[in-house]
Structure formats: structure tokens, C-alpha cells
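Inside the fold
Below, each chain spelled out in residue letters.
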Amino acid sequence: MTRKLVAALFTSVDGIVSAPNEFQLDSFDDDLGAFMGQSIGAVDDVILGRVSYTEWAGYFPTSNDPFADFINPVNKHVASRTLTQADLAWNNSTLIDGDLVDFVTALKASEGRDISVCGSISVVRQMVLAGLMDELTLITHPVIAGSGRHLFDDAPQTRLALVDVQKTEKGNALLTYGPRA
């Protein structure tokens, strides 16, 4: 059985996925918290890009944030061309050696539960375009961010299938996409 590769990214109505802490503001609610808890409950491996790893490694190891209870002990695989294994001081962190697509393909074929790409916009993009992402949930907050990075700038046209839709109490739309058959 193949493990699922999943990702959930916060986005604004205008499609901005970078720095969600700047636009989420008051839209996080209990429904969204329940979704996030359910999502991470099925994960035992996480893939992080260099930027997310560096930011998170400086925050979560000493944080009281509830997400820290998940992210600190989980296996973290870091995709980076500039970091070395010696740079990865955060517990359970290993540098991905070699091609990212090959690594993820092998990880999906191994034993375990779901694999999540956390944050890491460029990694999510690469996995979707490589056809390896089984579920991508875009958590659209009811706000126009105005500026920032989009997930699929200059990407080739890629058809996806909408596999689930949820709406939260504060108006967040959770749209889950998978590969189109």
C-alpha cells in the first residue's frame, strides 16, 4: 500500500500563500482547529523546505503553541541545497539526500502513515506538478491579502479533482484537491 502525500496551505481569497500570519488574523476558529488536528493525527513524516525548516526550528522547539506537540517529535525530512545535516539541530530532522522527487517516491512506498508537506510553498508546488501529491487542501481565509507569493505562478496547466469541500464557522473555505484521473 502506498502512503498518502498531503499538504494544507493557508491562502487568501486573492491566492496569497506566503506569510499567512499576516492575514489570518481573526479567521482561525474551532472548526479549522479540528480539521488541522485531524489532518496531523494521520501523519508520521513531514517534509519541510529550507525556509520553513529554518523559521520553524527557531520557534517550535521552545514554543507552547499546540502545533509544537506534533511538529517537535515527528520525523522531519528537509529539502535544501544549502543546509547540511550538521545544520539540522532540531530533533528528528534529516537532510534529504539526492533528488526530492525520488526521495518522496521512495518514502511513499515505505511503511507508515501519511506524509505531510508543511509550509514549504516550493516543495508543495513541486510535488503537485510531479503528480505525487495525493491531497492538497487550500484553506481560504475570507480576506484579500493584497501582496505576497502565489502557489502556482507560471505553472503549466494542471487539472485537479475537487475531492472535499468544508466551510468553517468564521467563513474559511477548505477545498481539498487530488490528482485528476
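Before reading further, recall that the structure is shown in the block above.
To keep things clear, this report deals only with the structure shown in the data block.

Rules behind the numbers
Residues numbered from 1 in each chain as written. Predicted model: local features only at pLDDT ≥ 70, side-chain atom pairs only at ≥ 80, totals over all residues. Heavy atoms only, no water. Helix = DSSP H or I, 4+ residues; strand = E, 2+ residues; numbered from the N terminus. Contact = heavy atoms within 4.5 Å. Salt bridge = Lys/Arg side-chain N within 4 Å of Asp/Glu carboxyl O. Buried < 20%, exposed > 50% of the residue type's maximum accessible area, 1.4 Å probe, protein only.

Observations regarding the environment of Ile96
- Inspection of the secondary structure assignment puts Ile96 in the loop between strand E4 (93–95) and helix H4 (100–109).
- Placed 52 residues apart in sequence, Ile96 and Gly148 show a C-alpha to C-alpha distance of 28 Å.
- Ignoring sequence-local partners within four residues, the contact set of Ile96 consists of Ile47, His77, Val78, Ala79 and Phe103.

Topic: the pattern of salt bridges
- Taken as a whole and judged by the stated rule, the model has four salt bridges.
- Between Arg3 and Asp44 there is a salt bridge, and its shortest N-O distance comes to 2.6 Å. Taken together, the positions of Arg3 in the segment before strand E1 (5–12) and Asp44 in strand E2 (residues 43–49) put the pair 41 residues apart, joining distant regions of the chain.
- Among the residues examined, Asp44 registers a relative accessible area of 25% and is labelled partly exposed.
- Two residues, Arg3 and Asp45, come together in a salt bridge whose shortest N-O distance is 2.5 Å. With Arg3 in the segment before E1 and Asp45 in strand E2, the pair connects residues that are 42 residues apart, well separated along the chain.
- By relative accessible area, which is 7% here, Asp45 ends up buried.
- A network of salt bridges, in which partner residues are shared, links Arg3, Asp44 and Asp45.

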